Amino acid sequence: MKKILFLTLLSGSGLLHGQTLFHNEARISEVKLVFEQQNWDHILDSLYVAGDKDRLLAAAWVDGVYYDSIGVRYKGFSSVSVDRHKNPFNIKLDYILDQSHFGVDKIKLGNVIQDPSFVREIVSYKVARNYMPASLANYCNVYINNVFWGVYTSIESVDRSFLAQHFGSSYGSFIKGNPSTVDLNGGNSNLSNSPGTDSADYYDLYELKSDLGWAAFYNLIDKLNNDPSALEDVLNVDRTLWMHALNYTLVNFDSYIGYAQNYYLYEDQNGQFNPILWDMNQSFGSFRLTDASDFYRGFTVEEAKTMDPMAHVNSFSVHPRPLIRNVINTDQRKRMYLAHIRAIVEEYFANGAYKNELEALQERIKTDVSRDTNKFYSYADFLLNKTSTVQDLVTYPGITDLMDARSVYLLNYKGISPQGAPSISVPVGVKSKNSFQVTTTTDAASDVYLYYRDQSGAVFSRVVMRDDGGSGDNQAKDGVYGAVVPTSSKNIDYYVYAENDSSGTFSPTNAAYNFYEIREVKQLVINEFCASNSSVIADENEDYEDWIELYNNGDTSISLQGYTLSDDLNDLEKWSFSDTSVAPEAYVLIWADDDDEDGPLHTNFKLASGGEAIYLSYQGEVVDEITFGGQTTDVTSGRHPNGTGPFVLMEATPSAFNDGQRISITPLESPTFRVFPNPLSGRFYVESNMSGTAVLMNAQGQTVLTTTINKGVNALDASLLVSGMYFLSIRNETSVAHKKIIKQ
């Protein structure tokens, strides 16, 4: 087979990403909550005041799909009040039953308080996702007991599925930086070592989200405060610089740079903790109570426009900020940090691209916002705050007024300004049998570096690129820099960084989250997978299990001896193939059922329908990989065109050619019915918009009648029932609807 190498720019972690159906910013989702208790709000208020995590049992339709026995509680801190109608919700779909909506088992809904524009959170997460792992976000219309409750934001949970998609594993130490009580005059979750030397000293300041991890977390705190020269052993420094760059650019001070909260830390397979942004609803200057430095008592809208992104480095910190001071502690890291800010400003704000985004989002939701009687601001303020300041208990900056001025300020800041910054041509990478070579043309650079890795998810190594005529470049002193790296790996990820005394520049500009890659055209690929199989295809034991399909793109047979499959980047050899062969243009189906005793093509792991990753490796080197978000039952993700294309949601074609019949899933009609007369005596009628089974239960929960209901009007007889209250439910394969009836 002819070997071909190609170069691409990969997004995110470098993995191909499957599609997800729930958190889609192009549409407004819908959640209809149904509480049996008429005083549901009082119960939720009481649970919140008690400070526990108990939930109220309810039912819900999510985009028209019914879910019974869910658990609901309020979420957040300052956004919740027992005096408000519109509180934020944390909805657990699998509270009692094993159920999820397209793989999403927890729905987090924000009430859009402290944002008259309704767009701050959605735009902020969208910007952040181009530079580091960040949650998906969209809008959601919420109904409670058939009453429209308002427009909410729906933010993807940072949970095991999120971690598996972005880091290739989900069992590392996982910490949330949110104190149990925010101290407005304290250090909060600032990662200083002042609380003490025992991990127990930190229990009230951070939340452990993993089973284990306090020891690893304290080791990070110790290194960060006492040995910053060894910091890169335990911290993803570049990811940290990106978090600070985003917070300062977006004036997002309800974060580490303000009260030191609202972030996660996850320890990846390299032993490095990675910061993850959270709770961006008060970005674009909505939160201005403190900057914990020069404006520790708060700052005005005008001061927000010129907030110094180096405040904690150049000035003072009211409480320690080691994640800033001890990270941006060299001239080179300072230049890298400011280069990240330049990228954000130039790519979203200075060119006005964000204004189109604001306009499109408000246009999408304006009808629903106008009928949201529980919103905290007027419809006029909703329209105005996009461009102009709105005055309430506090002032909310007009987003374009703030960001246009901030862009001008930042692009004139030394180190951020494009004037005098190095330029880098797109680096050209070439792979030979035992080495890898990169060349690039730069201008105004005194030092140029190549960052590369030849293992998926590994830490990038750094080598100096030279313009000496002997490093793979053309000739000495011609502005072409080169580097040659010995490696026999067929797969390389890389990016380039150039700097001079005042500025730095990355290529690509959003490195290292994005990077260039060299890949050999894959002969054996992951071609299709099903993470929730209930009826597509059964295995040899007549069980419906998750499955993974491999395809041979080549013109020669492939022996699978030496190949492995895994869903964990920490353990690429989790499951090994027996001596199986795949013919040219042929398929092999592997059952991901966590039951490898069932046969040679049954793995010792399952796929998570909420999203994770699949790795195909050969002798310890990843040869193909896919990360995916939430999946739904009997809908697969497959390559289109077959064997070579990106993954799309499609009708299942196990062990067959992917013909591109893409799935378009539309919301189901909400199941409803009415009973008349009610109260009833003898004969009564049920008018339903769905067919299914009708079950009538008495007040003691005993079934007294079971019959078939057709769509339309159905006649039933209650003459033999004793007087009292009954519950009628109609259910089919996808939905359940309930109604209370009275027998006279």
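Residues numbered from 1 in each chain as written. Predicted model: local features only at pLDDT ≥ 70, side-chain atom pairs only at ≥ 80, totals over all residues. Heavy atoms only, no water.

Comments concerning the overall build of the chain
- For the chain, the count of helices and strands is 12 helices and 42 strands.
- Computed over its C-alpha atoms, the radius of gyration of the chain comes to 28 Å, within 12% of the 27 Å expected for a compact globule of 744 residues.
- Expressed as lengths along the three principal axes of its C-alpha atoms, the size of the chain is roughly 100 × 70 × 50 Å.
- When burial is assessed residue by residue, the chain has 57% of its 744 residues classed as buried.
- Put simply, of all contacts in the chain between residues at least 6 apart along the chain, 65% involve residues at least 24 apart. (Helix = DSSP H or I, 4+ residues; strand = E, 2+ residues; numbered from the N terminus. Rg over C-alpha atoms; globule rule 2.2 N^0.38 Å. Buried < 20%, exposed > 50% of the residue type's maximum accessible area, 1.4 Å probe, protein only. Contact = heavy atoms within 4.5 Å.)

Concerning a nonpolar patch on the surface
- A cluster of nonpolar residues, L57, Y95, I96 and L97, forms a patch on the protein surface that exposes about 360 Å² of accessible area.
- Following the sequence through the fold, Y95 ends up in the loop between β6 (89-92) and β7 (106-110).
- Since its relative accessible area comes to 33%, Y95 is described here as partly exposed. (Patch = residues over 30% accessible without salt bridge, like charges linked within 9 Å, V, L, I, M, F, W, Y side chains within 5 Å. Areas by Shrake-Rupley, 256 points an atom, 1.4 Å probe, with all protein chains shown as cover. Salt bridge = Lys/Arg side-chain N within 4 Å of Asp/Glu carboxyl O.)

Things to note about the packing of aromatic side chains
- Counted under the stated rule, the structure contains 46 aromatic pairs.
- Both rings, one in F349 and one in Y354, keep their centres 4.9 Å apart while their planes meet at 55°; by these two values the pair is tilted. Grouping residues by exposure puts F349 and Y354 together as buried.
- Centre to centre, the rings of Y379 and F382 are 5.6 Å apart; their planes meet at 35°, and the pair counts as tilted. (Phe/Tyr/Trp six-rings, centres within 6.5 Å; stacked < 30°, edge-to-face > 60°.)

A closer look at helix α12 (residues 399-411)
- Along its 13 residues, α12 runs 18 Å from first to last C-alpha, staying within 8% of the 18 Å computed at 1.5 Å per residue.
- Taken together, the buried positions of α12 are occupied by I399, T400, L402, M403, R406, S407, L410 and L411. One side of α12 carries all its buried residues, which in axial view fall inside an arc of 155°.
- Looking at the buried side of α12, the elements it contacts are α2 (120-128), α5 (237-249), α6 (301-305), α9 (331-349) and α10 (353-370). (Expected span 1.5 Å × (residues − 1). Arc of directions from axis to C-beta.)

Here we look at the packing of α10 against α12
- Running from N to C, α10 and α12 cross one another at 170°; their axes reach a closest spacing of 11 Å. Viewed along their axes, α10 and α12 adopt a mutual orientation that is roughly antiparallel. Together, Y354, K355 and L358 of α10 and I399, T400, M403 and D404 of α12 make up the contact between the two elements. (Axes fitted to C-alpha atoms, helices over the stretch in contact; angles between N-to-C directions. Parallel < 35°, antiparallel > 145°, perpendicular 65-115°, else oblique.)

Observations concerning the pairing of strand β8 (residues 137-144)
- Buried residues dominate β8, accounting for eight of its eight residues.
- Alignment of strand β3 (residues 28-34) against β8, held across six bridges, turns out to be parallel. Residue pairing in the sheet places I28 in a bridge with Y139 of β8.
- Across eight bridges, β8 lies against strand β9 (residues 147-155) in antiparallel orientation. When the bridges of β9 are listed, C140 appears paired with Y152.
- Connecting β8 to the antiparallel partner β9 that follows it, the hairpin turn spans two residues, and N145 within it adopts a positive phi of roughly 50°. (Pairing = 2+ DSSP bridges.)

Observations concerning the environment of G196
- Inspection of the secondary structure assignment puts G196 in the loop between β10 (174-176) and β11 (207-208).
- Counting along the chain gives 153 residues from G196 to I43, while the straight-line C-alpha distance between them is 39 Å.

Things to note about the pattern of salt bridges
- In the structure shown here, the tally under the stated rule is 24 salt bridges.
- Where K386 meets E359, a salt bridge forms, and the shortest distance between an N and an O atom there is 2.5 Å. On the criterion of sequence distance, the pair formed by K386 in the loop between α11 (379-384) and β14 (390-391) and E359 in helix α10 is long-range, its members being 27 residues apart.
- Judged by its relative accessible area of 15%, K386 falls in the buried class.
- Owing to a relative accessible area of 41%, E359 belongs among the partly exposed residues under this scheme.
- One continuous salt-bridge network, built from bridges that share partners, spans E25, K126, R129 and E357.

Brief notes about the sheet that holds β11
- The sheet built from four strands is open, its strands ordered β11-β10-β12-β13 with antiparallel pairing. Among the strands making up the open sheet, the edge pair consists of β11 and β13 (273-277).
- Here β10 runs beside β11; their pairing, made up of two bridges, is antiparallel. Across the sheet, residue K176 finds its bridge partner in β11, namely E207.

Brief notes about the side chain of D593
- Mapping D593 onto the fold places it in the loop between β31 (587-592) and β32 (612-618).
- Salt bridges are absent for the buried D593, whose nearest opposite-charge side chain, K606, sits at 7.9 Å.
- Side-chain polar atoms of D593 contact the side chain of H602, separated by 2.5 Å.
- Leaving out residues up to four positions away in the same chain, D593 has contacts with D539, E545, D598, H602, T603, F605 and K606. (Lys, Arg positive; Asp, Glu negative; His and termini not counted. Polar contact = N/O pair within 3.5 Å; in protein donor to acceptor, adjacent residues only side chain to side chain.)

Some points on α9
- A rise of 1.5 Å per residue sets the reference length of α9, with its 19 residues, at 27 Å; its end C-alpha atoms lie 26 Å apart and thus fit the reference within 8%.
- With 15 of 19 residues buried, α9 is to be regarded as a mostly interior element.

Things to note about the sheet that holds strand β37 (residues 683-688)
- One open sheet accounts for three strands, arranged β36-β37-β40; its pairing is antiparallel. On the outer flanks of this sheet lie β36 (673-676) and β40 (712-717), each paired with one strand and no other. Neighbour-to-neighbour, the strand axes of the sheet open up by a mean angle of 20°, direction not taken into account.
- Relative to β40, β37 runs antiparallel, the two sharing six bridges. If you follow S688 over to β40, its bridge partner there is G712.

Examining the environment of S456
- Positionally, S456 belongs in the loop between β19 (447-453) and β20 (461-465).
- Overall, the relative accessible area of 22% leaves S456 in the partly exposed class.
- As a C-alpha pair, S456 and S117 span 339 residues in sequence and 41 Å in three-dimensional space.
- A distance of 2.9 Å separates polar atoms of two side chains, one belonging to S456 and the other to E625.

Examining the pairing of strand β22 (residues 492-499)
- Counting buried positions along β22 gives eight out of eight residues, so the element sits mostly inside the fold.
- By the alternation rule, side chains of β22 split into I492, Y494, V496 and A498 and D493, Y495, Y497 and E499, which are all buried.
- Bridge count between β22 and strand β24 (residues 515-520): three bridges; the pairing is antiparallel. Along β24, the bridge assignment pairs Y494 with Y516.
- As paired strands, β22 and strand β23 (residues 504-507) are joined by four bridges and run antiparallel to one another.

As for the nonpolar core
- L191, F217, Y337 and F349 are the most contacted members of the largest nonpolar core, which has 101 residues in total.
- Residue contributions to this core peak at 10 residues, all from α9.
- Excluding anything up to four places from it in sequence, F349 contacts V127, T249, L250, F284, I344, Y354, M403 and S407.
- Membership of the second largest hydrophobic core comes to 28 residues, among which are Y67, I70, L109 and Y152. (Core = buried A, V, L, I, M, F, W, Y, C linked by side-chain atoms within 4.5 Å.)

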